[in-house]
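Below, each chain spelled out in residue letters.
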Amino acid sequence: MAKRKLREPLEDRKGNLYFDGISVKALAEKYDTPLYVLSEKRIRDNYNRLHTALLNNYKYVRIYYAAKANTNLTVLKILESEGAYLDTVSPGEVFMGLSCGFTPDRLMFTGTSVRNDELKMLADANITVNVDSISELERLLKFAVPPIVSVRVNPEVGAGHHSHCITAGPESKFGLWEDETIQAFAIAQRARVERFGIHMHIGSGILEVEPYVLAVEKLLKIAKRVHDEVGISFEFIDIGGGIGVPYQPEDQELDLAEFSSKVVTLFKNKVKDYGLGKPFLCVEPGRFLVCDASILLTTVNTVKTTPSRKFIGVDAGFNTLARPMMYGSYHPILVANKLDKADKETCDVVGPICESGDALAKERKLPKIEEGDLLAILNAGAYGFSMSSQYNSRPRAAEVMIRQGKDVLVRKREELGDLMASQRMLGEQ
Ligand code: LLP
């Protein structure tokens, strides 16, 4: 059989899967499964690849890591040490970001349906808010006149890998439309806010450059109107996150050089033509930085054949990785101890959760699988652990980071006691 094509940090050594230089079988034996394994090196490489590509076409660039993709504290610290900024959407993410060394001036908050006490906390902590409605702006201004205010715009162009993940366009709850955007900046200016930003985020899992081109054109037209009509300048213009990574074998990687030469150059030229000065170009990638830097290891418990299907029952379900169930997402799967065996059987890889939708893969061609085999679910680093739950009262998985050739436990496996930790039984104190 021809050797499987594996991307860094995956490696085939005599039919066994290695991740960032370490045998995944050894990791499963040491830490048990289900287990998320992360590569520090890959996170740093992803950050630097993107940073270099953007800087090639514009000098003033900031990368805000969208914390929601993976809030493991070590991941946050790694990106902090690279010089990243942080995009947050909840007080919890702000708290974790501050704890990992991001100073308030490196944090941004892009919430929706935001509570008053959250706005007060953000104002008190001096964190830049991308307001998502005029109501939010007016409520924020009641607590303080922030030194800088940014407005999230709906540029009327959205994109994404699933309808749930398209966050702009006619059906979207996010952002302000053009005329309201002008009003919002006028309100902030009347309140004596002195510095401004403007923001959009069109969706998640985008593998083409075109939607960014259209949305950036629209965002900059709106920015020019604000500049001309309200008479303010922008310290930053944030074009959001959403850069996709290939999941399906036929997916083409988004070409970063092309993205930069088309989108960043367009940004640079328009900003110049419109007389908008030299604002920072901000981007907010989540998935791109962490997705392919992690795999999920899961052990086969049960092999079961019915007259119509073959089921591979593993110890990770949608409690561990929700994406296949939630969006029908495809994650590549390798049988970690059988890389040299050909894909022979079509099966459903299913979890331990008592719902029929609990499948990590449907009709997937894999080598002949036996109980005890170890599967690696690839591209598990973004929206994997962060969307996991204790559903069916299953403690959440552990996380191990590979740092300079060594495995380090960075989140211990939850225990049965964690299932009850915040509950109080009636009648007991
Ligand atoms: N900025 C804002 C304001 C966002 O809402 C998001 C993601 C991002 C940046 C980062 O997007 P990314 O670069 O990761 O595509 N759970 C879904 C993805 C939801 C994304 C929500 N917002 C999934 O598993 O595909």
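Because the structure is predicted, anything quoted here is derived from the model rather than measured.

1. Digging into the domain arrangement of the chain
In terms of domains, the chain is made up of domain 1 (10–39 + 291–420) and domain 2 (110–285). Taken residue by residue, the interface counts 9 residues in domain 1 and 9 residues in domain 2. Both faces combined, the contact of domain 1 with domain 2 buries some 800 Å², and carbon together with sulfur accounts for 60% of it. Where domain 1 meets domain 2, there are 0 salt bridges.

2. Comments concerning the sheet that holds strand β11 (residues 236–238)
Sheet architecture is closed into a barrel: 8 strands sit in the order β5-β6-β7-β8-β9-β10-β11-β12, paired in parallel fashion. Each neighbouring strand pair of the sheet contributes to a mean axis angle of 25°, computed without reference to strand direction. Pairing geometry for strand β10 (residues 195–199) and β11, over 3 bridges, is parallel. The partner of G197 across the bridge, within β11, is F236. The strands touched by helix α2 (residues 40–55) within the sheet are β5 (61–66) and β12 (280–283), with β5 carrying the most contacts at an inclination of about 150°.

3. As for the side chain of D358
Secondary-structure assignment places D358 in the loop between β16 (345–350) and β17 (359–366). We note that D358 is buried and unpaired, the nearest opposite charge coming from R394 at a distance of 7.5 Å. In terms of polar contacts, D358 uses its side chain to reach the backbone amide nitrogen of I353, at 2.8 Å. Setting aside residues up to four positions removed in sequence, D358 forms contacts with G317, F318, M325, V350, G351, P352 and I353.

4. Some words on the pairing of strand β13 (residues 294–305)
By the bridge criterion, 4 bridges tie strand β4 (residues 35–39) to β13 in an arrangement that is antiparallel. Following the sheet pairing, V37 is matched in β13 by I295. Where β13 lies against strand β18 (residues 374–377), 4 bridges are found, and the strand directions are antiparallel. Each bridged residue has a counterpart across the sheet, and for L296 the counterpart in β18 is I377. One ladder, built from 5 bridges, connects β13 with strand β14 (residues 310–314); its direction is antiparallel. Residue pairing in the sheet places T305 in a bridge with K310 of β14. The antiparallel hairpin formed by β13 and β14 contains 4 residues in its connecting segment.

5. A few points about the layout of surface pockets
If you roll a probe as big as a water molecule over the atoms, it shows you where there is empty space left. Approximately 850 Å³ is the volume attributed to the largest pocket. Considering the residues around the largest pocket, the lining is formed by 36 residues, among which K5, R7, P249, P332 and L378 are closest to the centre. Of the residues in the lining of the largest pocket, the class split is 20 nonpolar, 4 polar and 12 charged. In this structure, the lining of the largest pocket is formed jointly by two domains, domain 1 (10–39 + 291–420) and domain 2 (110–285), each of which donates at least three residues. The calculated volume of the second largest pocket comes to roughly 560 Å³. Taken together, 28 residues make up the lining of the second largest pocket; nearest its centre are K68, T167, H201, S204 and Y383. Secondary structure elements with two or more residues in the lining of the second largest pocket: α10 (287–290) and α11 (323–327). Its residues assigned to classes, the lining of the second largest pocket comprises 9 nonpolar, 12 polar and 7 charged. Residue assignment places the lining of the second largest pocket across two domains, with domain 1 (10–39 + 291–420) and domain 2 (110–285) each supplying three or more.

6. A closer look at unusual backbone geometry
Across the junction of E8 and P9, the peptide omega takes the value 5°, indicating a cis bond. Of the consecutive residues T33 and P34, the connecting peptide bond is found in the cis state with omega at -5°. Mapped onto the elements of the fold, P34 is located in the loop between α1 (24–31) and β4. A positive phi is found at D20, a non-glycine position, where the angle reads about 50°. Note on placement: D20 falls in the loop between β2 (16–19) and β3 (22–23). You can call D20 buried: its relative accessible area is 19%. Look at R192: it is not a glycine, yet its phi comes out positive at around 75°. Relative to the helices and strands, R192 is located in the loop between α7 (178–190) and β10.

7. Considering the site of the ligand
Among the 20 residues in the neighbourhood of the ligand, the closest are listed as H161, S204, E284, R323 and Y383. In this structure, an oxygen atom belonging to the ligand sits 2.4 Å away from a side-chain N or O atom of S204. Contact between the ligand and Y327: a nitrogen atom at 2.7 Å from a side-chain N or O atom of the residue. For the ligand, the accessible surface in isolation is 590 Å², of which the surrounding protein chains cover 92%.

8. Here we look at the pattern of salt bridges
A complete count under the given rule lists 31 salt bridges for this structure. A salt bridge links D117 to R115, with the shortest nitrogen-to-oxygen separation between them at 2.8 Å. Residue E363 pairs with R309 through a salt bridge whose shortest N-O separation is 2.9 Å. Taken as a pair, E363 in strand β17 and R309 in the loop between β13 and β14 lie far apart in primary sequence, 54 residues in all. By sharing partners, the salt bridges in this structure join E156, E178, D179, K218, R225 and E229 into a single network.

The rules behind these values
Residues numbered from 1 in each chain as written. Predicted model: local features only at pLDDT ≥ 70, side-chain atom pairs only at ≥ 80, totals over all residues. Heavy atoms only, no water. Domains from an automatic or database assignment. Contact = heavy atoms within 4.5 Å. Buried area = accessible area lost by both parts, 1.4 Å probe. Salt bridge = Lys/Arg side-chain N within 4 Å of Asp/Glu carboxyl O. Pairing = 2+ DSSP bridges. Helix = DSSP H or I, 4+ residues; strand = E, 2+ residues; numbered from the N terminus. Axes fitted to C-alpha atoms, helices over the stretch in contact; angles between N-to-C directions. Buried < 20%, exposed > 50% of the residue type's maximum accessible area, 1.4 Å probe, protein only. Lys, Arg positive; Asp, Glu negative; His and termini not counted. Polar contact = N/O pair within 3.5 Å; in protein donor to acceptor, adjacent residues only side chain to side chain. 1 Å grid on protein atoms, 1.4 Å probe; cavity = no way out; pocket = protein on both sides within 12 Å on 5 of 7 lines; lining within 4 Å. Points joined across faces, edges and corners; volume = space filled by probe spheres on them. Nonpolar A, V, L, I, M, F, W, Y, C, P; charged D, E, K, R; others polar. Near = heavy atom within 4 Å. Areas by Shrake-Rupley, 256 points an atom, 1.4 Å probe, with all protein chains shown as cover.

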